[in-house]
Amino acid sequence: SLITKYDKIISFRLHSHIVARSLNIPTFGFYWDDKVKEFASLFGDCNKNFLDLTETNIKMINKKITPFLKKNYYPETYYTNNRKSSYEFLKNSIKGVTK
């Protein structure tokens, strides 16, 4: 119930992004692993909302995070797009495990 109160989440961890997406909460994150990068690539606006963890240029970080913080997300569209992409990500992940 605590997580559902957030309008947006900034996180480093894949599971927090998965949970936030399932609750229709936009996320900004840093990828440090191929799985996080793959998850980020599934969402149209998510590619803009992720940075490599090794990024140290504060101007670049501000350039990406500021629009995320200012943007208003529309739940209906956001939810539909996330649901479809999350399903595909999980389906493909399970295929890799069961081979």
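Summarised in this report is the structure supplied together with it. For clarity, every value in this text was computed on a predicted model and none was experimentally measured.

Moving on, we come to the overall build of the chain. For the chain, the helix and strand inventory stands at four helices and three strands. Element order for the chain, N to C, with α for helix and β for strand: β-α-β-α-β-α-α. For the chain, the exposed area adds up to about 6,900 Å²; of that, 57% sits on carbon and sulfur atoms.

What follows concerns a nonpolar patch on the surface. A cluster of nonpolar residues, Leu2, Ile3, Tyr6, Val19 and Leu23, forms a patch on the protein surface that exposes about 430 Å² of accessible area. Within the secondary structure, leucine 2 is located in the segment before strand E1 (9–11).

Let's shift gears to the packing of aromatic side chains. Counted by the stated rule, this structure contains three aromatic pairs. Taking the centre distance of 5.8 Å and the plane angle of 75 degrees together, the rings of phenylalanine 28 and phenylalanine 30 count as edge-to-face. On the basis of relative accessible area, phenylalanine 28 is assigned to the buried category, the value being 0%. Where phenylalanine 28 meets phenylalanine 68, the ring centres are 5.6 Å apart and the plane angle is 45 degrees; that geometry is what we call tilted. Of this pair, phenylalanine 28 sits in strand E2 (residues 27–31) while phenylalanine 68 sits in helix H3 (residues 58–70); the two residues are 40 residues apart in sequence, bridging distant segments of the chain. Each member of the pair phenylalanine 28 and phenylalanine 68 is classed as buried. The rings of Phe12, Phe28, Phe30 and Phe68 are connected pair by pair, giving a single aromatic cluster.

The next thing to look at is unusual backbone geometry. You will see that asparagine 24, though not glycine, has its phi angle at about 65 degrees, which is positive. One can find asparagine 24 in the loop between helix H1 (14–22) and E2.

Moving on: the packing of H1 against helix H2 (residues 34–41). The relative placement of two packed helices is expressed as an angle between their axes plus a distance between the axes. Interhelical geometry of H1 versus H2 gives an angle of 25 degrees and a closest axis separation of 10 Å. Here H2 runs roughly parallel to H1, going by the angle between their axes. Here H1 runs over H2; the crossing is left-handed. Together, Leu14, His17, Ile18 and Arg21 of H1 and Lys35, Val36 and Phe39 of H2 make up the contact between the two elements. Along the lines of polarity and charge, the residues of the contact of H1 with H2 split into four nonpolar, one polar and two charged.

A few words on H1. Those residues of H1 that fall on the buried side of the exposure criterion are Leu14, His17, Ala20 and Arg21. On an axial view of H1, the arc spanned by its buried residues comes to 130 degrees, and they lie on one face. Of the residues one or two after H1, asparagine 24 is the one with positive phi, at around 65 degrees.

Cut-offs applied
Residues numbered from 1 in each chain as written. Predicted model: local features only at pLDDT ≥ 70, side-chain atom pairs only at ≥ 80, totals over all residues. Heavy atoms only, no water. Helix = DSSP H or I, 4+ residues; strand = E, 2+ residues; numbered from the N terminus. Areas by Shrake-Rupley, 256 points an atom, 1.4 Å probe, with all protein chains shown as cover. Patch = residues over 30% accessible without salt bridge, like charges linked within 9 Å, V, L, I, M, F, W, Y side chains within 5 Å. Salt bridge = Lys/Arg side-chain N within 4 Å of Asp/Glu carboxyl O. Phe/Tyr/Trp six-rings, centres within 6.5 Å; stacked < 30°, edge-to-face > 60°. Buried < 20%, exposed > 50% of the residue type's maximum accessible area, 1.4 Å probe, protein only. Axes fitted to C-alpha atoms, helices over the stretch in contact; angles between N-to-C directions. Parallel < 35°, antiparallel > 145°, perpendicular 65-115°, else oblique. Left-handed = near helix turned anticlockwise from the far one by under 90°. Contact = heavy atoms within 4.5 Å. Nonpolar A, V, L, I, M, F, W, Y, C, P; charged D, E, K, R; others polar. Arc of directions from axis to C-beta.

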